[in-house]
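Here's the letter readout for the chains.
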Amino acid sequence: MSTAFFGQQAGSQPRSTEDQLALEAEMVSLGGDRVDLLTNKQRQYRMQSLSKWGEHLTAFGVERVVTHLRTIRRRIERGKAGRNFALLTPLTLLPPQVTAAAAVRTVIDSISCNDTLHYVAMDVAEKLWIETMLRRASKRELYSYKRVRSTKRQRMASIMRMKNTEIWDAKQRMASGVLLVEMIARESGMIEIVLDRSYKPARRVVKASDECMRWISDVTEQQRLMTPNWLPMLVQPRPWSTPLDGGYLSADLPVTLFKSGADVVAAHSDGTEPFMTAANLHQTVGWKVNGWMLDQITHAYDSNLEVGCLLPRNGWPVPPFPKHLDPDDEGVLKWRKKARRIHEKNDKTRNARVAQAKCLWVARRFASERAIYFPMSLDFRGRYYYRPPHLNPQGNDVSRSLLLFAEGTPISSEDEADWLRIHGANMWGLSKQDFRARIDWVHENQLQIEAVGRDPWQHAEFWMRADKPWQFLSFCRAYQQFNHQGYGYVCDLPVMLDCTCSGIQHYSALLRNEEMGALVNLTRSEDGPADIYRTVIEKVLAVLRSSDDPIASDWLLLQPDRTLAKPCVMTLPYSATRSAFYFYAFNWALDRSEELFNSKCWVNLPGAIKRVHWMARILHEQATSLVQPAAEAMEWFRAVGRIAGKADVPLRWRSPSGLLVNQMYPNTREKRIRLNYLSDVRLDIRCQVEDLGLDTKRMGNALSPNVVHSLDSSHMTLATIHAMTHGVRNLGGIHDCFATTPAEMSQLRDSVRATFAQIYSDDLFCRITDELLQQIPPDLLPSVPTRPTLGRLDLSQVQQSDYFIT
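Residues numbered from 1 in each chain as written. Predicted model: local features only at pLDDT ≥ 70, side-chain atom pairs only at ≥ 80, totals over all residues. Heavy atoms only, no water.

Observations regarding the overall build of the protein
Phase 1: Each helix and strand counted, the protein has 31 helices and 17 strands in total.
Phase 2: For 806 residues, the compact-globule estimate of 2.2 N^0.38 gives 28 Å, and the C-alpha radius of gyration of the protein, at 30 Å, lies within 12% of that figure.
Phase 3: On the principal axes, the C-alpha backbone points of the protein span a range of 90 × 75 × 70 Å.
Phase 4: By residue count, 52% of the 806 residues in the protein fall in the buried class.
Phase 5: Pairs at least 24 apart in sequence give 74% of the contacts found in the protein among residues at least 6 apart.
Phase 6: The distance from the centre of the 101 positive side-chain charges to the centre of the 90 negative ones in the protein is 10 Å. (Helix = DSSP H or I, 4+ residues; strand = E, 2+ residues; numbered from the N terminus. Rg over C-alpha atoms; globule rule 2.2 N^0.38 Å. Buried < 20%, exposed > 50% of the residue type's maximum accessible area, 1.4 Å probe, protein only. Contact = heavy atoms within 4.5 Å. Lys, Arg positive; Asp, Glu negative; His and termini not counted. Charge placed at Lys NZ, Arg CZ, Asp CG, Glu CD.)

Next comes the structure, spelled out in structure tokens:
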């Protein structure tokens, strides 16, 4: 592999403010180019109604047209006299809002083309006819239509084969289309019909009104300026003095510290709160692109390989058609089914493959920089995010493997080297074993690890088996270099430790519950790390083995393990319902059946939905019974949120990080008009209408997860400040996951444990619940359930827990 990247990094010079300002100008230019490219593509393919301005114009036009369309419909249905009423029966076959939506969307799609009135009217009528026929189709016919992947002519042929299809004559089409176009022009003012004398003879054309064009131009220009292509910085970001001022150097960039609600936070912040301090500290950490890993990933990417989360660059290839077989042969049918699955898989992963191409583009763009920096962003709960997307320390396995700390620290002892080994074992998939077993595993496999670090593609069968293959490969390179150089090796590889099911950890500490705390390593254990996911799946397996239901045998056939329980238990503290458990179980069963039986299993046969629901119920029951105190607390928060929603009272509480969290979900009623001919629910017409008051359901369901998120973000805040004031220079984080160099991990681990104990040294549960109850109107307080009782867990034990982060 090439070593050019290392030479570029070593020879590059520190960047100046002028370099950064030039980069930010490039960001704005790239964002504008992206907007222009999308705009031109939408114009070319007549999809302008899908643009930002197109969505607003469509919703506006539908609101203006639908009332007048209802009036005409009533007159036609009553047999009243009117111009061309006898030809307008197609307007009575669909609900008026659907007719208006199809017409307005079609007109917006041609708004920049200056098409003739005849062409636009016939296009509107055609869309109306297609929608009408699809509304009459059976479920099977509609399913077949939406699966057609070919040309417009083939889709129209599919409609013509439907049982209830009828043909409208040309006069009906023209009369209906012209009436709708004229109504849109008259009632909305978006378009106008003018006589164009450049045609011989002169023709009437449909074009956007001057006022509409000015509005579109203004919106597009604003969009070009407001959607820069966010990139890492070449110099340290400006410190945040307020939530409204900091980050990138240019004052023209539309950036605030918070994704939303920055004005509210700024009004209740003086700039010295811990959440501001931690954001500024994170921004001072320098990173750089791992040139060696970029070479390896580029090799796999250019070779169209699938490795871990790296998807094939060009998608999965479709096998050649078996020309040697007769068209009716069973082998041809198997080929068609396989080809269809591959096409569907390629379609579903298109966005993911585009995102990974962008990630690699950013890595190449900054490969020669000695240091890059990531401006921070927070959500309203205080959770930290790196603003530049695609390549950042919070990305997927590929993204994380491509980043190193700009200023590494030397490994000078065996204890520090062990943190590197533990990280490697974690990336392999041994994070639930004790530390000694992980270290021993690396020693036992040292020869293979070093061989991978020297030549990964000669030993690909080894490292590709890891849970996180790309980060494991990055570890192999660092470990090979360490063994080659010995003590004093300056290691810049981020090594990570992750909290154990942090949602349950926070609930255990809030409620001071000893039983739950022991399940998530809040207490010291001599028997290795506790694994709540394994505990849950063992209870589930006990139910399956003792059940006489044949469904139990079907699930045992898939060999359930902790990976089935993990997403369910992880999301339970965030108000995950049994429906969420169903989707987790179904996706797990699909993957496991593919792994064990090549999808030839009950998961792909009729009756699978019933079996998955059966398992979802058992998973929910067993997980909830194990963390019953947390479930009761979640229900209490849910009840308080519902009461506040009914009373139209926003809820606020001050998190331990000093952030005033403001939960306010307006009661927005989304009006959706679904058009079948678009064959994609994402392209429905949606317009949100805000009602007075709050959304009671969302206020209730969101309170518990928002409280927990505000606590784990506070933990990240205080741990960052504690660690970096005690000598840690390199630090990254993903909510409840902490990264630093091996030489600094001992201090970071101590800081994480100490600050968790500090947060819960007082009765935090009573403080937060008191704040919430003070905002409930007095006359509604009797309807609030009794608060959960607290246990006697001593949170100071966390500081001696070896596996609090593991």
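Back to the text.
Considering the pattern of salt bridges
Phase 1: If you walk through the whole model with that rule in mind, you get 33 salt bridges.
Phase 2: Taking the shortest distance from any N to any O, the salt bridge between Asp245 and Arg238 comes out at 2.7 Å.
Phase 3: Using a relative accessible area of 33% as the deciding quantity, one classes Asp245 as partly exposed.
Phase 4: Arg238 gets classed as partly exposed once you look at its relative accessible area, which sits at 27%.
Phase 5: Linking Asp802 and Arg524 is a salt bridge whose minimum nitrogen-to-oxygen distance equals 3.6 Å. Of the two residues, Asp802 is situated in the segment after helix H31 (764-774) and Arg524 in the loop between helix H22 (514-519) and helix H23 (532-546); the sequence distance between them amounts to 278 residues.
Phase 6: Since its relative accessible area comes to 45%, Arg524 is described here as partly exposed.
Phase 7: When salt bridges that share partners are traced, they join Arg15, Asp19 and Glu369 into one network. (Salt bridge = Lys/Arg side-chain N within 4 Å of Asp/Glu carboxyl O.)

Focus: the nonpolar core
Nonpolar side chains tend toward joint burial in soluble globular proteins.
Phase 1: Residues Leu402, Trp470, Phe472, Ile532 and Trp555 are the most contacted members of the largest nonpolar core, which totals 182 residues.
Phase 2: A total of eleven residues in this core trace back to one element, the largest contributor, which is helix H29 (residues 696-724).
Phase 3: If sequence neighbours within four positions are ignored, Phe472 has contacts with Gly424, Met427, Trp428, Trp441, Ile449, Phe462, Trp463 and Ala466.
Phase 4: Grouped together as the second largest cluster of nonpolar side chains are 50 residues, Val62, Val124, Leu128 and Ile159 included. (Core = buried A, V, L, I, M, F, W, Y, C linked by side-chain atoms within 4.5 Å.)

A few points about the side chain of Ser250
Phase 1: Mapped onto the elements of the fold, Ser250 is located in the loop between strand E4 (245-247) and helix H10 (262-267).
Phase 2: The residues touching Ser250, leaving out its near neighbours within four places in the chain, are Leu21 and Glu24.

Brief notes about a positive patch on the surface
Phase 1: Residues Arg70, Arg74, Arg75, Arg78 and Lys80 make up a contiguous surface patch of positive charge.
Phase 2: Following the sequence through the fold, Arg70 ends up in helix H3 (residues 52-77). (Patch = residues over 30% accessible without salt bridge, like charges linked within 9 Å, V, L, I, M, F, W, Y side chains within 5 Å. Areas by Shrake-Rupley, 256 points an atom, 1.4 Å probe, with all protein chains shown as cover.)

Observations concerning the packing of aromatic side chains
Phase 1: For the coordinates displayed, the defined rule picks out 29 aromatic pairs.
Phase 2: Between Phe374 and Tyr386, the aromatic rings sit 5.6 Å apart at their centres with planes inclined by 70°, giving edge-to-face as the arrangement. Separated by twelve residues along the polypeptide, Phe374 in the loop between helix H14 (350-365) and strand E6 (376-378) and Tyr386 in strand E7 (residues 384-386) bring together distant segments of the chain. You'll find Phe374 and Tyr386 in the same group, each marked buried.
Phase 3: Measuring from ring centre to ring centre gives 5.3 Å for Tyr582 and Phe583, while their planes differ by 80°; the resulting arrangement is edge-to-face.
Phase 4: Given the relative accessible area of 51%, Phe583 is considered exposed.
Phase 5: An aromatic cluster is built from Trp428, Trp441, Phe462, Phe472, Phe475, Tyr479, Phe482, Tyr487 and Tyr489, whose rings are joined through pairwise contacts. (Phe/Tyr/Trp six-rings, centres within 6.5 Å; stacked < 30°, edge-to-face > 60°.)

Brief notes about the sheet that holds strand E16 (residues 732-734)
Phase 1: One open sheet accounts for three strands, arranged E11-E17-E16; its pairing is antiparallel. This sheet does not close on itself; its edge strands, each paired only once, are strand E11 (495-498) and E16. Ignoring which end each strand starts from, the neighbouring axes of this sheet average 20° apart.
Phase 2: Direction of pairing for E16 relative to strand E17 (residues 737-740): antiparallel, over a ladder of three bridges. The residue bridging Ile734 from the neighbouring strand is Cys737, located in E17.
Phase 3: Where helix H30 (residues 745-759) meets the sheet, its contacts fall on E11 and E17, and the angle it forms with E17 comes to roughly 150°. (Pairing = 2+ DSSP bridges. Axes fitted to C-alpha atoms, helices over the stretch in contact; angles between N-to-C directions.)

Some points on unusual backbone geometry
Phase 1: A positive phi angle is found at Asn304, which is not glycine, with a value near 60°.
Phase 2: Assignment of secondary structure puts Asn304 in the loop between helix H12 (291-302) and helix H13 (330-348).
Phase 3: Backbone geometry places Asp648, a non-glycine residue, at a positive phi of 55°.
Phase 4: Considering the arrangement of structural elements, one finds Asp648 in the loop between helix H28 (628-646) and strand E12 (651-654).

Points about helix H24 (residues 550-557)
Phase 1: Ile551, Ala552, Asp554 and Trp555 are the residues of H24 that are buried. The buried residues of H24 occupy one face: seen down the axis, they fall within an arc of 160°.
Phase 2: The N-capping residue of H24, defined by a side-chain oxygen 2.9 Å from the backbone nitrogen of Ile551, is Asp549.
Phase 3: Where H24 terminates, the next one or two residues include Gln559, which has phi positive at roughly 55°. (Arc of directions from axis to C-beta. Polar contact = N/O pair within 3.5 Å; in protein donor to acceptor, adjacent residues only side chain to side chain.)

A closer look at the side chain of Asn346
Phase 1: Examined against the element boundaries, Asn346 turns out to sit in helix H13.
Phase 2: Residue contacts for Asn346: discarding those within four places in its chain leaves Gly315, Trp316 and Arg353.

Topic: the packing of helix H4 (residues 96-109) against helix H8 (residues 170-188)
Phase 1: At a minimum axis distance of 10 Å, the contact between H4 and H8 shows a crossing angle of 75°. Judged on the interaxial angle alone, H8 and H4 are roughly perpendicular. Between H4 and H8, the contacting residues are Thr99, Ala103, Val104 and Val107 on the first element and Leu180, Val181 and Ile184 on the second.
Phase 2: Across the contact of H4 with H8, the residue classes break down as six nonpolar, one polar and no charged. (Parallel < 35°, antiparallel > 145°, perpendicular 65-115°, else oblique. Nonpolar A, V, L, I, M, F, W, Y, C, P; charged D, E, K, R; others polar.)

Some remarks on the state of the cysteines
Phase 1: In total, this model carries zero disulfides according to the counting rule given.
Phase 2: Looking at the unpaired Cys476, the closest cysteine sulfur is the one in Cys491, lying at 13 Å. (Disulfide = S-S within 2.5 Å.)

Re helix H26 (residues 578-597)
Phase 1: Over its 20 residues, H26 runs 27 Å from end to end, which matches the ideal 28 Å to within 8%, given 1.5 Å per residue.
Phase 2: Within H26, the full set of buried residues consists of Phe581, Tyr582, Ala585, Trp588, Ala589, Arg592 and Ser593. Considered in projection along H26, the buried side chains sweep an arc of 140° and stay on one side of the axis. Turned more than 90 degrees from where H26 packs its buried face, Phe583, Asp591 and Glu595 sit exposed.
Phase 3: Elements that come into contact with the buried residues of H26 comprise H24, helix H25 (562-571) and helix H27 (608-626).
Phase 4: Of the residues one or two after H26, Asn598 is the one with positive phi, at around 55°. (Expected span 1.5 Å × (residues − 1).)

A look at the confidence of the model for the protein
Phase 1: Counting all residues, the mean pLDDT for the protein is 90, and 95% of those residues have values of 70 or more.
Phase 2: Overall, residues 1-11 carries pLDDT values under 50, and its contacts beyond four positions in sequence, including any with other chains, amount to 18 contacts. (pLDDT = per-residue confidence, 0-100.)

Here's the deal with the pairing of strand E3 (residues 238-242)
If a strand is regular, its side chains alternate between the two faces of the sheet.
Phase 1: Pairing of E3 with E4, which is carried by two bridges, proceeds in the antiparallel orientation. Residue Thr242 lies in a different strand from E4, and its bridge partner there is Asp245.
Phase 2: Taken together, E3 and the strand that follows it, E4, pair antiparallel across an intervening segment of two residues.

Some remarks on the pairing of strand E1 (residues 191-196)
Phase 1: Pairing between E1 and strand E2 (residues 203-208): six bridges, direction antiparallel. Counted as the bridge partner of Ile191 is Ala208 from E2.
Phase 2: Here E1 folds back onto E2 in antiparallel fashion, the turn holding six residues.

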